[in-house]
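Structure assessment
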Amino acid sequence: MGGPHISEEMQELFTLFRHKRRTEPVGLDEETGRWRVFRFADAMTVATDAHSFSNDLSEFIPYHEDLATFSKGNFQNMDQPRHRELRGLVSQGFTPRFVTGLAPRIEAVAAELLDTIGDRERIDLVADLAHPLPVTVIAEVMGLPVSDRGLFRKWADALLVDNGIDAIFSEEGVAAMAPSIREMNAYLLNHVREYRTSKREGLIADLIAAETDGVTLDDQEIVGFLALLLIAGHLTTSTLLGNAILCLDENPEAARQLREDPALIPAMIEEVLRYRSPLVWLDRKALRTVHLGGVDIPEGSQVSVALPSVTRDESEFENPDTFDIHRDPIRHLSFGMGVHFCLGAPLARLEVKIALRALLSRYRDFEVPAGERLVYHDPRGFQGAKVLPLDLFR
Ligand code: HEM
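Residues numbered from 1 in each chain as written. Predicted model: local features only at pLDDT ≥ 70, side-chain atom pairs only at ≥ 80, totals over all residues.

An unreviewed UniProt entry annotates the chain as Cytochrome P450 originating from Embleya scabrispora.

1. Some details on the overall build of the chain
Secondary structure assignment for the chain yields 17 helices and 14 strands. A compact globule built from 394 residues would reach a C-alpha radius of gyration of about 21 Å, and the chain, at 21 Å, matches this within 12%. On the principal axes, the C-alpha backbone points of the chain span a range of 55 × 55 × 40 Å. Out of the 394 residues in the chain, the part that is buried amounts to 39%. For the chain, restricting intrachain contacts to residue pairs at least 6 apart in sequence, the fraction spanning at least 24 positions comes to 74%. (Helix = DSSP H or I, 4+ residues; strand = E, 2+ residues; numbered from the N terminus. Rg over C-alpha atoms; globule rule 2.2 N^0.38 Å. Buried ≥ 20, exposed ≤ 12 C-beta atoms within 10 Å, placed from the backbone. Contact = placed C-beta atoms within 7 Å.)

2. Side note on the sheet that holds strand β1 (residues 26-29)
Spatially, β1-β2-β10-β7-β3 is the arrangement adopted by the 5 strands of the open sheet, whose pairing is mixed. The strands lining the two open edges of the sheet, one partner per strand, are β1 and β3 (53-54). The pairing of strand β7 (residues 281-286) with strand β10 (residues 302-306) spans 5 bridges and is classified as antiparallel. Residue pairing across strands places D283 opposite S304, the latter belonging to β10. Sheet strands in contact with helix α2 (residues 40-48) are β1, β2 (34-37), β3, β7 and β10, and its direction is about 130 degrees off that of β10. (Pairing = 2+ DSSP bridges. Axes fitted to C-alpha atoms, helices over the stretch in contact; angles between N-to-C directions.)

3. Some words on the site of the ligand
With respect to spatial proximity, 25 residues lie near the ligand, and among them G233, T236, G336, C342 and G344 are the closest. Contributing elements (two or more residues each) for the shell around the ligand: α12 (219-232), α13 (235-250) and α17 (345-362). Class assignment of the residues belonging to the shell around the ligand gives a composition of 15 nonpolar, 9 polar and 1 charged. (Near = placed C-beta within 6 Å. Nonpolar A, V, L, I, M, F, W, Y, C, P; charged D, E, K, R; others polar.)

4. As for the packing of α13 against α17
The interhelical angle for the contact between α13 and α17, taken along N-to-C directions, is 40 degrees, at an axis separation of 10 Å. One finds that α13 runs oblique with respect to α17. As for the relative orientation of α13 and α17, their crossing is right-handed in sense. On the side of α13, the interface is formed by T236, T237, L240, L241 and A244, while α17 contributes A348, E351, V352, A355 and L356. (Parallel < 35°, antiparallel > 145°, perpendicular 65-115°, else oblique. Left-handed = near helix turned anticlockwise from the far one by under 90°.)

5. Some thoughts on the pairing of β2
Examined bridge by bridge, β1 and β2 share 4 bridges and lie antiparallel to one another. Bridged to D29 within β2 is R34. Bridge count for β2 against β10 is 3 bridges, and the pairing is parallel. For V37, the partnering residue across the bridge sits in β10 and is V305.

6. Overview of α2
Three- or four-residue spacings in an α-helix give side chains the same orientation, since the helix completes a turn every 3.6 residues. Of the positions making up α2, those classed as buried are F40, D42, A43, V46 and A47. Each buried residue of α2 lies within a common arc of 155 degrees when the element is viewed along its axis, so the set occupies one face. (Arc of directions from axis to C-beta.)

7. Details of the sheet that holds strand β14 (residues 389-393)
On the basis of which strands lie adjacent, the open sheet formed by 3 strands has the order β4-β14-β11 and antiparallel pairing. Strand pairing shows two members of the sheet lacking a second neighbour, β4 (122-124) and β11 (365-367), which therefore form its edges. Averaged over all pairs of adjacent strands, the angle between strand axes in this sheet comes to 30 degrees, irrespective of strand direction. Of the strand pairs in this sheet, β4 and β14 are connected by 3 bridges, and their pairing is antiparallel. Counterpart to R122 in the pairing with β14 is D391.

8. Focus: the confidence of the model for the chain
With 100% of its residues at a pLDDT of at least 70, the chain reaches an overall mean of 93. Predicted complex metrics record ipTM = 0.99 and pTM = 0.95. (pLDDT = per-residue confidence, 0-100.)

9. Describing the environment of A385
Within the fold, A385 resides in strand β13 (residues 385-387). On the basis of neighbour counts, which here come to 25 C-beta atoms within 10 Å, the residue A385 falls in the buried class. Not counting residues up to four positions away in its chain, the partners in contact with A385 are V126, G242, L246, L374, V375 and Y376.

10. Thoughts on the nonpolar core
With 102 residues, the main nonpolar core has A227, A244, V305 and A355 as its most contacted residues. Here the element with the most residues in this core is α12; it accounts for 9 residues. (Core = buried A, V, L, I, M, F, W, Y, C linked by C-beta atoms within 7 Å.)

11. With respect to the pairing of β7
Of the two faces of β7, the one holding L282, R284 and A286 is buried and the one holding W281, D283 and K285 is not buried anywhere. With 2 bridges connecting them, β3 and β7 associate as antiparallel partners. Paired with F53 across the two strands is A286, which belongs to β7.

12. Description of the environment of E250
Take E250: it is sitting in helix α13. With 18 C-beta atoms packed within 10 Å, E250 lands in the partly exposed category. In this structure E250 touches G3, P4, H5 and F323, once residues within four positions along its chain are discounted.

Put into structure tokens, the structure is as follows:
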């Protein structure tokens, strides 16, 4: 039992964020040239005012042919009307009903992973459960061989972790990612083509069949969307599950209440999202000069919302630094807000709920061993643990 389970670097960021909220809630970061936003209300404006803030960051990303091809179906980077068109098409395959229907399979995968742990008393929660669970589920959803999950991890790491989260904004970074992008593109394209000819069923088949007013998705657009799912869908979710465990370890009373009443799990997950957002930054481009937080952000600027800051904003939240699963309502921006709200949020919530329920029911207790060093993500990208030792008590 213990904590706080937070890296020194992240702790420093929280100190900086607190200071910035008071003294410079919106300000230019000289080092990166980005405008940073630290308060909740301003962040809501940035996330939801699509007339002033664009998701198309291509201007800040060095051109690379492989990346351009690969990004074709990635509607997270697009504005209206194309975003609505593509998201509308893929939503036909990725419906809330479809996600709810996955519950029995997610339960089975979680049970298999915990069975594999067997009698071991110490596990790495990330390697043994938090990572393989969402990767296996997303691979199954996409109809890809689960045995290829090592490749998916490798690609996600190459794009988000190995070269730093900001790699995409530099020539060297893009060049370092290019081989993985090419590999992933070819792999996914093969699968999509195979689906076109084999008439198999599943999400890829639904995407091939999706149509609105005569508009359909071509193979490269489907590949771009699948890549978005593969990349967006697992590192975030595994970090969230890890963060939930860290919060429970720090708050034994909350853990006791969850054991007593598992119906509290969904509220607890929302509080984890508020208290420890897995993603650190949410980026936009200013489409015009925008007056925000008392300053003018010039047209064309890159604007970055500090997610872990905005949900600790003392002008919005009572006792923001207290982890409290009974807040009502629990608000956050960790899945974004507005038209780009995370498409995978229902799946992420379901996976983490099922995993927590399985852990709480199978083990009398679990705790992060004292004196064991956790390995944390680079706080410029993710907030949470990459390696999370956990002792299990049966
Ligand atoms: C968008 C976070 C899990 C797929 C987003 C956005 C955030 C986010 C902040 C908004 C981006 C923006 O406004 O520009 C998270 C977190 C997750 C998670 C914290 C887990 C805890 C997932 C999963 C999937 C997924 C499991 C899919 C299986 C997507 C997609 C978008 C998106 C497709 C783009 C939506 C759009 O632009 O319309 N996510 N995500 N995410 N997420 Fe997630």
